[in-house]
Amino acid sequence: MTDEHFDVLIVGAGLSGIGAACRLRTRCPGSSFAILEGRDDLGGTWDLFRYPGVRSDSEMFTLSYSFRPWTHAAAIAGGRTILTYIRDTAREFGVDRRIRYGSKVRAAAWSTAEARWTLEVESGPERRQVQLTCGFLIVCAGYYSYEGGYRPDFPGLERFGGRVVDPQRWTDDIDYVGKRVLVIGSGATAVTMVPALARRAAHVVMLQRSPTYVIERASRDALADALRAALPERLAFRLARWINILVGAAFFRFCRRFPRVARWLLLARARDALGPGVDATKNFTPHYDPWDQRLCQAPDGDLFRALRSGRASIVTDTIATFTETGVALASGGTIEADVAVAATGLELQPLGAIRLSVDGAEIEPGETTVFRGAMLSGVPNLVFVFGYTIAAWTLKADLVSLYACRLINRLKRRGWRQCAPRADDPSMAKLPLVDFSSGAYRRAAAKLPKRGAEGPWASRQSYWRDFLTLRFAPLGGGGLRFSNPPPATTARRSPSAGSAPQRPSAAR
């Protein structure tokens, strides 16, 4: 027995989920919907991550919502500022009243006969089992596990006398003031934490197995400031947004087309920012080309300043074993530490680890192919958000939300009950969803959906293509099928009683 039925259910009240809800309010005003959030507050990543220095790793003119201008001075913003922006947006659009906190979605089952999803939800601290149904499901659960990050098997970790910290589980009682801090990792989290910790710690060591490209950029956007001073707020925001989209896309294409030149430029900038005291060649020259993994940003060169000042240092080496007072390195050196931060990556998981099934058949996301970068082959009336890895997550998230609204309105307007993409060509090559070489994506490759090699199945990291296809391309055809299966009462009748299903339609 179900508790309630909605036209649409959104899973997740983070940046993507709130954005999707706002789009539903304005683009599908007649649709009933709710947002199911497993935690006790909205914000997703920006409420979960509370480690020192947490901030955006994309500039805010593209990470913010296109429909609500970013008005803060900072182009690279802190986590609390971003969380306030999300809360204010939810309140302004009235979607904060649609959020059901403490509602963890464990399973979602589609019934063709009923043309609806049935969600198994754990509700509240007592984990009461609740069933909710909907005609359309939008999954905005992010791409990584909130339970904790990835931690390698460090030899001798149990011997360490200090505190070992997971950045995802940072709490106010973690005392690092005046202490020796070891940050293990070289990704965005480590690059963010090191300069923040160095302001109050005795010393911070960033220990990396291999270097990452780090690029210095201003925390304020001078061009955006000039536009704000000369133009109305909304127009200035739109221009700043599009300029940043253009510049970001051009830089990515440049790095991919001229990797050697891009590598030389990035290393030269790092060398200039570090000065002679740090070996830039050893510590800031990765073995991969620029944008084979995500570039890390150092607002106003904060990481370089911390290293240059001596408050922090960087070591490129591997851990042989933990000791009672720190770590012994494979090269024979040691690092003494009171606190060790394991900034060693995320545990990726598709669709919030929700168990999917269609008409009783289990769906393994890793065995599906993405359609338009937004749907899963063979799965009806479901859209999921997986943002860009080479640009701001929200750019793709907003396009997917608008695409979901187009589908919902088409179903309602034409009287169709379901739509599902069908990958009918078994010979089509299947590729990893993300063309990145980072450890997190390699570890999760088997669990993530695949992308095709061509057509609407080729999920490309291109805002321009997605902008045209998700917003304006015809909805029918290309593998997407709209259909009107008989309702449950009719489906149980015999064929002689006139219950033959209608043919699927690729109608536009």
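Quick caveat, the model's predicted, so the values are computed rather than measured.

## Side note on the nonpolar core
Side chains that are nonpolar tend, in soluble globular proteins, to be buried together. Ile18, Trp117, Leu119, Phe136, Leu137, Phe284 and Leu407 are the most contacted members of the largest nonpolar core, which has 153 residues in total. If you tally residues by element for this core, the top one is helix H11 (residues 393-414), at 11 residues. With residues near it in sequence (within four places) discarded, Phe284 still touches Pro211, Thr212, Val214, Leu267, Ala270, Leu274, Val278, Leu303, Phe304, Leu307 and Ile314. In terms of nonpolar packing, the next biggest core, distinct from the first, is built from 13 residues, Leu182, Ile319, Ala337 and Ala340 among them.

## Things to note about the sheet that holds strand E15 (residues 334-336)
One open sheet accounts for three strands, arranged E13-E14-E15; its pairing is antiparallel. The sheet is open, and its two borders are formed by strand E13 (319-322) and E15, each paired with just one other strand. Averaged over all neighbouring strand pairs, the angle between strand axes comes to 20 degrees, with direction disregarded. For E13 and strand E14 (residues 326-329), the ladder comprises three bridges, and the chain directions are antiparallel. The residue bridging Thr321 from the neighbouring strand is Ala328, located in E14.

## Examining a nonpolar patch on the surface
Among the surface-exposed residues, Leu223, Leu235, Leu239, Ile243 and Val247 lie close enough to one another that they form a single nonpolar patch of about 390 Å² accessible area. Here Ile243 lies in helix H7 (residues 233-257).

## Here's the deal with the sheet that holds strand E12 (residues 312-316)
If you trace the five strands from one edge of the open sheet to the other, you get E7-E16-E8-E9-E12, paired in parallel fashion. Pairing within the sheet leaves two strands with one partner each, and these edge strands are strand E7 (163-165) and E12. For this sheet, the mean angle separating the axes of adjacent strands, direction not counted, is 20 degrees. Against the sheet, helix H5 (residues 188-198) contacts strand E8 (180-184), strand E9 (203-208), E12 and strand E16 (339-342), and its axis sits at roughly 165 degrees relative to E9.

## Here we look at the pattern of salt bridges
In total, this model carries 19 salt bridges according to the counting rule given. Between Arg220 and Asp225 there is a salt bridge; the shortest N-O distance is 3.2 Å. The exposure class assigned to Arg220 is partly exposed, which follows from its relative accessible area of 46%. Among the residues examined, Asp225 registers a relative accessible area of 23% and is labelled partly exposed. Note that Arg228 and Asp225 form a salt bridge whose closest N and O atoms lie 3.6 Å from each other. Within this pair, Arg228 and its partner Asp225 are both found in helix H6 (residues 222-230), separated by three residues, close to a single helical turn. Given the relative accessible area of 25%, Arg228 is considered partly exposed. It is possible to trace a salt-bridge network through shared partners that takes in Arg39, Asp47 and Arg50.

## Observations concerning the confidence of the model for the protein
Residues with a pLDDT of 70 or more make up 95% of the protein, whose mean pLDDT is 92. Counted against residues more than four places away or in other chains, residues 490-508, with its pLDDT under 50, gives 28 contacts.

## Observations regarding H5
Buried residues dominate H5, accounting for nine of its 11 residues. Within the span of H5, buried status applies to Ala190, Val191, Thr192, Met193, Val194, Pro195, Ala196, Leu197 and Ala198.

## Some details on the packing of helix H1 (residues 15-27) against H11
Where H1 contacts H11, the axes come no closer than 9 Å and their chain directions differ by 35 degrees. Judged by the sense of rotation from one axis to the other, the crossing of H1 with H11 is right-handed. Of H11, the residues touching H1 (which contributes Leu15, Ser16, Gly19, Ala20, Arg23, Leu24 and Arg27) are Trp393, Thr394, Ala397, Asp398, Ser401, Leu402, Cys405, Ile408 and Asn409. Across the contact of H1 with H11, the residue classes tally to eight nonpolar, five polar and three charged.

## Topic: the environment of Pro350
On the secondary structure map, Pro350 appears in the loop between E16 and strand E17 (355-358). Take Pro350: its relative accessible area is 13%, and that puts it in the buried class. Sequence spacing of Pro350 and Glu364 is 14 residues, and the spatial spacing of their C-alpha atoms is 9.8 Å.

## Here we look at a positive patch on the surface
Together, Arg199, Arg305, Arg308 and Arg311 line one region of the surface with positive charge. Relative to the helices and strands, Arg308 resides in helix H10 (residues 302-309). Residue classification places Arg308 among the partly exposed residues on the basis of a relative accessible area of 47%.

The rules behind each value
- Each chain carries its own residue numbering, running from 1 in the direction its sequence is written.
- At least 70 in pLDDT is required for a residue's local features to be given in this predicted model, at least 80 for side-chain atom pairs to be given and counted, and no such filter applies to totals for whole chains, interfaces and linings, which use all residues.
- Excluding hydrogens and water, the side-chain values take into account all heavy atoms of the structure.
- Put simply, buried Ala, Val, Leu, Ile, Met, Phe, Trp, Tyr and Cys residues joined by side-chain atoms within 4.5 Å make one nonpolar core.
- Accessible area is worked out with a 1.4 Å probe on protein chains only. A residue is then buried under 20% of its type maximum, exposed over 50%, and partly exposed in between.
- A run of H or I in DSSP counts as a helix once it spans at least four residues, and a run of E counts as a strand once it spans at least two, with each numbered from the N terminus.
- Note on definitions: a residue-residue contact is assigned when non-hydrogen atoms from the two residues lie within 4.5 Å.
- Strand pairing requires that DSSP identify at least two bridges connecting the strands.
- Axis definition: a line fitted to C-alpha atoms, limited for helices to the stretch in contact. Angles are taken between N-to-C directions and run from 0 to 180 degrees.
- Each patch is built from salt-bridge-free residues with over 30% relative accessible area, joining like charges within 9 Å and nonpolar side chains (Val, Leu, Ile, Met, Phe, Trp, Tyr) within 5 Å.
- We get accessible surface area from the Shrake-Rupley algorithm with a probe of 1.4 Å; when it comes to residues, only the shown protein chains can shield them.
- A carboxyl oxygen of Asp or Glu within 4 Å of a side-chain nitrogen of Lys or Arg is what we treat as a salt bridge.
- Along the chain, pLDDT gives the predictor's confidence residue by residue, from 0 to 100.
- Should the near helix be turned anticlockwise from the far one by less than a right angle, the crossing is termed left-handed; should it be turned clockwise, right-handed.
- Gly is put with the polar residues, along with every residue not named as nonpolar or charged; the nonpolar set is Ala, Val, Leu, Ile, Met, Phe, Trp, Tyr, Cys and Pro, and the charged set is Asp, Glu, Lys and Arg.
- In this tally Asp and Glu are treated as negative and Lys and Arg as positive; neither His nor the chain ends contributes.
- Throughout, a charge is located at the NZ atom of Lys, the CZ atom of Arg, the CG atom of Asp or the CD atom of Glu.

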